[in-house]
Amino acid sequence: MVKILTFLRKSLKLVAENAPRMKYLNVAEKNDAAKTIAGHLSRGNSRRREGLSVYNKIYEFDAVVHGQNVTMVMTSVSGHLLTHDFTGSYRSWKMCNPSQLFDAPVTKMCPEDSMKIRQTLEREVRYCTALIIWTDCDREGENIGFEIVEVCRNVKNNIRVYRAKFSEITPQAVRRALDNLVQPDERQSQAVDVRSELDLRIGAAFTRFQTMRLQSVFQGVIESLVSYGSCQIPTLGFVVQRYKEAENFVPQKFWKLRLTHTVDELTVEFTWGRNRLFDRKCCEAIFLLVKRDPPLLATVQSVVQKPKSKWRPQPMDTIELEKLGSRKLKISAKQTMQIAEKLYQQGYISYPRTETNMFSKEINLRSLVERQAEHPAWGEFARRVMDWGPNPRNGRKSDQAHPPIHPIKFTTGLSGNEQRVYELIVRHFLACVSRDATGSETVVNIEIGGEEFSASGLVIFERNYLDVYIYDRWNGKEIHHYEMGTSFEPTTIEMPEGTTTAPQMLTEADLIALMEKHSIGTDATHAEHINTIKERGYIGVVDNGFLVPGTLGMGLVEGYDAMSLSLAQPKLRAGLEADLKAICDGVKQPDAVLREQIEIYREAFRVITERAQILDEKVGLRFNSTPQQAPQITETQTLEEVFRCPRCGTSKMALKRKASGNGVYLSCMNFPQCKAVIWLDDFVKEASVSSEHCRTCGPDSKKLVLKFKQMASMMFLNCDSTEYTSCLLCDAPLRDLLGVNLDTLRQGEGSQGGNSSVRNRDVPSSGYSTDRSTGSSRNNIPPRSNNAPPRSNNVPPRNNNYPSSGYGSQRTNNPSSGSSTSCPKCSQPLKKLTVKKSGPNHGREFYVCPTPDNPCKTFIWAEDITQNDRDSPPPPRASGSRSGGGGGGASGRPRAKRKCAICRLEGHTRNNCPQHHPSNS
């Protein structure tokens, strides 16, 4: 029995060892992070192989997850994998009115430069049973994680998803994250989606309008993109406001009293209690009173000695890092963050995008300080901190996700700006966990001639954190020994004159502080917004790092302010940031926030379009240029949506006009993914979209308002007015007249090639045309009876310009058999129709010419073609005839129909192709 049990145990163990291992797909935000995490989890034993993207490698290793041995496949994306964008024609600047972008359909799509990364994920996830997200633990990282999940679940819908939460890429942190996997936070991702869609709609609408407007009224002056961003413009507004304060500043003269006391070459300067006066006579009167009774004696009223401390810095958050990088290192905020991101991915520092400025008790600060004890520059100070015991001066902010920025790994192998940023972070960390500098301050107050003066001195006892934090200064100030009640004779007493100075321009650090104060952007996006308005030329950097607005930037902000719009003020964006936080907290719903914000900016857009001439004037003043007359938005620039596309079912079909202006058609908004198109120009002279919805098809379908080229079309539709309003989807007679076959269109669903047109453009069609192969009537309409009532006087008479004998000579086939008869002038096959209007001619058949613009004006009653003409054989047709059935050579084979060079469809050339519109989105 024992032998049997032993055998079973060995067998089960053998089976377990040889069983195929489960695979887990792991995805980080950057390749460096994936490489470092794989190295930590595999203890340096990962196996690298290539992905489809040359910049994103794949690392494989074994690990234990949830108590099971699994094969880990670690790869990465490069930031956002998907991006919001408009669909179809809304991406083109010239195909729609910018105001339509507030309601235009938006989708998340994978840009071309990320397709290889997406394909890698789709390939790898097929063989995995679970997905672990290792993106950064902030809003953007959470959103990127859900993009990865979306791509993977499109391939494998039932895959399990986990989230690794970490704030630093260290062996301990990543192993702890793997042991405590959680679910992704959908609320944070939804907040990012709302912000991203709003930025797209707002930015695209205002940018397109501003750019096209200003380029048209200032031709040759403004040729660049005039962009708008709900964070960029308020940031520009801060710079413009400070510049205008300095520009409008009027200096004023002032006067003050200054008293000095010199003993043994040490001069102490006393400041006047009144500081300064802007009235010279008043100041002179006080000055004379002070000097009235010589000898001049100053009496010491009080001598106060008190301890003085210079506080060490608080733990570093993202905003502090950006400001210190700009002020102390003279490196731009964007470059500072790029360097910090790289140091983080290499494992040298903790996550650099954090709002936290307080260390929790769980963090082992002593071990972090101990790692820096061997550094030649600050190692000695680190050992002093270990003797004191690390004691951080904590702030009050915490994002509950990441600790303050601090060093993780000791290194001396960095150089350039990377070394400078790393040194700043290390010195700041050591300073914040050490001790304040201490000293003693002496304040002496004196009185002379009824006026009070004061002076102060400083003695430093212990420099403490100042020994390592080279970015702060605190110097002692020596002062004489004074005792209360004693008097002394001042060395000098003067009344100097001064002038007020204008406020200084903002520095990048000042601008970041204002953005934080007014909630413009987040700690992770401040640097990007400042860099964007620099690249647009809205602001520039002058001597000493001061920021000044550019000519266009000044004109834009002044234009917004003149229109009483708050676009350049921080209020609008601050409200959005508050709403995004409410989404993350579960207080507000994403859809509600999106709708509310869209309506706010829609109203602002309405105002700016109605009062655009004010913007023209303000920009013109800055450019010293007179604005020209702005072109009006034409109807061709407005996309008119009609109904949902029968082929793709996702986007709508819109009424468009040819580039030549002499034709209309309906095409799918999701072009080029869906190439469905319905041509209307054979019969239709004018077309527009009614505001009336179709009751049968629902609110997604609007009616068309059509004007036809021929009155016969109105007769066919039994319409008395000059316009015909109906829904193309449910009006069968209208579809028959226009030759629209919805079944043909639906058969192409999902296809990206082939014939995208609803009907063959080479054969003009009508609602009751005959089938070319069988000769039978397409709608099985019975022939008109010979007992038809006589022709009424209100019906157009037979065209007397063409004798009846001419009909037989121009026909192509026998009309009695159902084939079409040719036009006697242009040789095009005539359309055979039936009168639908009630009256004496109801049911009568007639022929009309279908040639575009109808130059022939041909109208023929069917019975006017004699039987002899019908039975006579047709003469041979010339090779140059426009008839669709003419021979093409000696062989008698039909000539190949001409096709468009762009879409390869028949019936039009490349110049009239609906796909030929230039795209400038």
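Fair warning: this is a prediction, and the values are worked out from it, not measured in the lab. (Residues numbered from 1 in each chain as written. Predicted model: local features only at pLDDT ≥ 70, side-chain atom pairs only at ≥ 80, totals over all residues. Heavy atoms only, no water.)

Focus: the sheet that holds strand S20 (residues 640-644)
Stage number 1. In spatial order, the strands read S20-S21-S22-S23; together these four strands make up an open sheet with antiparallel pairing. The sheet is open, and its two edges are formed by S20 and strand S23 (677-679), each paired on a single side. Going across the sheet, the axis of each strand differs from the next one's by a mean of 25 degrees, ignoring polarity.
Stage number 2. Relative to S23, strand S22 (residues 664-668) runs antiparallel, the two sharing three bridges. Residue pairing for S23: Ser 667 is matched across the bridge by Val 677. (Pairing = 2+ DSSP bridges. Helix = DSSP H or I, 4+ residues; strand = E, 2+ residues; numbered from the N terminus. Axes fitted to C-alpha atoms, helices over the stretch in contact; angles between N-to-C directions.)

A closer look at the pairing of strand S7 (residues 130-134)
Stage number 1. Across the five residues of S7, five count as buried, placing the element largely inside the fold.
Stage number 2. Every second residue of S7 is oriented toward a common face, with Ala 130, Ile 132 and Trp 134 on one face and Leu 131 and Ile 133 on the other, all of them buried.
Stage number 3. Inspection of the sheet shows strand S1 (residues 22-28) paired to S7 by five bridges, in the parallel sense. Within S7, the residue paired with Leu 25 across the bridge is Leu 131.
Stage number 4. Sheet topology note: the S7/strand S8 (residues 160-163) ladder contains four bridges and is parallel. Following the sheet pairing, Ala 130 is matched in S8 by Arg 160.
Stage number 5. The parallel pair S7 and S8, bridged by helix H4 (residues 139-155), forms a crossover whose chirality is right-handed. (Buried < 20%, exposed > 50% of the residue type's maximum accessible area, 1.4 Å probe, protein only. Right-handed = clockwise from strand over helix to strand, strands pointing away.)

Thoughts on the nonpolar core
Stage number 1. Among the nonpolar cores identified, the biggest contains 139 residues, and Trp 134, Phe 206 and Leu 567 are the most heavily contacted of them.
Stage number 2. Considering each element in turn, this core owes the most residues, 11 residues, to helix H6 (residues 186-217).
Stage number 3. Not counting residues within four places of it along the chain, the set of residues in contact with Leu 567 comprises Phe 206, Tyr 228, Ile 233, Pro 234, Tyr 560, Leu 572, Tyr 601, Ala 604 and Ile 608.
Stage number 4. Ranked by size, the runner-up nonpolar core spans 39 residues in total, among them Phe 683, Leu 704, Phe 716 and Leu 738. (Core = buried A, V, L, I, M, F, W, Y, C linked by side-chain atoms within 4.5 Å. Contact = heavy atoms within 4.5 Å.)

Thoughts on the pattern of salt bridges
Stage number 1. One pass over the structure, following the stated rule, counts 46 salt bridges.
Stage number 2. One salt bridge connects Lys 253 with Glu 497, and the closest N-O pair in it is separated by 3.8 Å. Of this pair, Lys 253 sits in strand S9 (residues 253-255) while Glu 497 is found in strand S17 (residues 497-499), placing the two residues 244 residues apart along the sequence.
Stage number 3. Residue Glu 497 is classed as partly exposed on the basis of its relative accessible area of 47%. (Salt bridge = Lys/Arg side-chain N within 4 Å of Asp/Glu carboxyl O.)

Details of the side chain of Thr 211
Stage number 1. Tracing the backbone through its elements, the reader meets Thr 211 in helix H6.
Stage number 2. A relative accessible area of 3% means that Thr 211 is categorised as buried.
Stage number 3. For Thr 211, the side chain forms a polar contact with the main-chain oxygen of Thr 207, separated by 2.7 Å.
Stage number 4. Side-chain polar atoms of Thr 211 contact the backbone nitrogen of Val 226, separated by 3.0 Å.
Stage number 5. Discounting residues that sit within four places of it in the chain, Thr 211 has contacts with Trp 93, Ser 224, Leu 225 and Val 226. (Polar contact = N/O pair within 3.5 Å; in protein donor to acceptor, adjacent residues only side chain to side chain.)

Some remarks on the sheet that holds S8
Stage number 1. The six strands lie next to each other as S2-S3-S4-S1-S7-S8, forming an open sheet whose pairing is mixed. Looking at the sheet topology across the chains shown, the edges are occupied by strand S2 (47-49) and S8. Recorded for the sheet is a direction-independent mean angle of 30 degrees between the axes of neighbouring strands.
Stage number 2. In terms of strand pairing, S1 meets strand S4 (residues 68-76) through seven bridges, oriented parallel. The residue bridging Met 22 from the neighbouring strand is Val 70, located in S4.
Stage number 3. Relative to the sheet, helix H2 (residues 31-42) contacts S1, strand S3 (58-65), S4 and S7, its axis offset from that of S3 by approximately 40 degrees.
Stage number 4. The strands touched by helix H5 (residues 171-179) within the sheet are S3, S4 and S7, with S7 carrying the most contacts at an inclination of about 140 degrees.

What to know about the packing of helix H10 (residues 333-345) against helix H13 (residues 416-432)
If you want to describe how two helices pack, look at the angle between their axes and the distance between the axes.
Stage number 1. Where H10 contacts H13, the axes come no closer than 10 Å and their chain directions differ by 80 degrees. As judged from the angle between their axes, H10 and H13 are roughly perpendicular. Residues Gln 335, Ile 339, Lys 342 and Leu 343 of H10 form the contact with H13, whose own contacting residues are Asn 417, Glu 418, Val 421 and Tyr 422.
Stage number 2. Here the residues of the contact of H10 with H13 are counted per class, giving four nonpolar, two polar and two charged. (Parallel < 35°, antiparallel > 145°, perpendicular 65-115°, else oblique. Nonpolar A, V, L, I, M, F, W, Y, C, P; charged D, E, K, R; others polar.)

Let's talk about the confidence of the model for the chain
Stage number 1. Per-residue pLDDT for the chain has a mean of 81; in total, 82% of the residues score no lower than 70.
Stage number 2. Note that pLDDT drops below 50 for residues 749-820; the model gives that stretch 163 contacts with residues more than four away or on any other chain. (pLDDT = per-residue confidence, 0-100.)

Some remarks on the packing of aromatic side chains
Stage number 1. All told, the structure shown has 17 aromatic pairs when counted by the stated rule.
Stage number 2. A centroid spacing of 6.0 Å and a plane angle of 85 degrees characterise the contact between Phe 381 and Trp 388, whose relative ring orientation is edge-to-face.
Stage number 3. Since its relative accessible area comes to 5%, Phe 381 is described here as buried.
Stage number 4. A cation over an aromatic ring shows up here: Lys 409 above the ring of Tyr 348, its NZ or CZ 4.7 Å from the ring centre. (Phe/Tyr/Trp six-rings, centres within 6.5 Å; stacked < 30°, edge-to-face > 60°. Lys NZ or Arg CZ within 6 Å of the ring centre and 35° of its normal.)

Observations concerning helix H16 (residues 551-562)
Stage number 1. Taking 1.5 Å as the rise per residue, H16 with 12 residues should run 16 Å; its terminal C-alpha atoms sit 16 Å apart, in good agreement.
Stage number 2. Among the 12 residues that make up H16, nine are buried, leaving the element largely enclosed by the rest of the structure.
Stage number 3. Looking only at H16, the buried set comprises Leu 552, Gly 553, Met 554, Gly 555, Leu 556, Val 557, Glu 558, Gly 559 and Tyr 560.
Stage number 4. Where H16 is buried, its residues contact H6, helix H7 (232-247), strand S19 (547-549), helix H18 (590-610) and helix H19 (612-623). (Expected span 1.5 Å × (residues − 1).)

Digging into the packing of helix H9 (residues 318-327) against helix H14 (residues 508-517)
Stage number 1. Remark: H9 packs on H14, axes separated minimally by 8 Å, with the N-to-C direction vectors making an angle of 160 degrees. Taken as axis vectors, H9 and H14 run roughly antiparallel relative to one another. Where H9 crosses over H14, the handedness of that crossing is left-handed. Here H9 contributes Ile 319, Glu 322, Lys 323, Ser 326 and Arg 327 to the contact with H14, which in turn contributes Glu 508, Ala 509, Asp 510, Ile 512, Ala 513 and Glu 516.
Stage number 2. Among the residues forming the contact of H9 with H14, the class breakdown is four nonpolar, one polar and six charged. (Left-handed = near helix turned anticlockwise from the far one by under 90°.)

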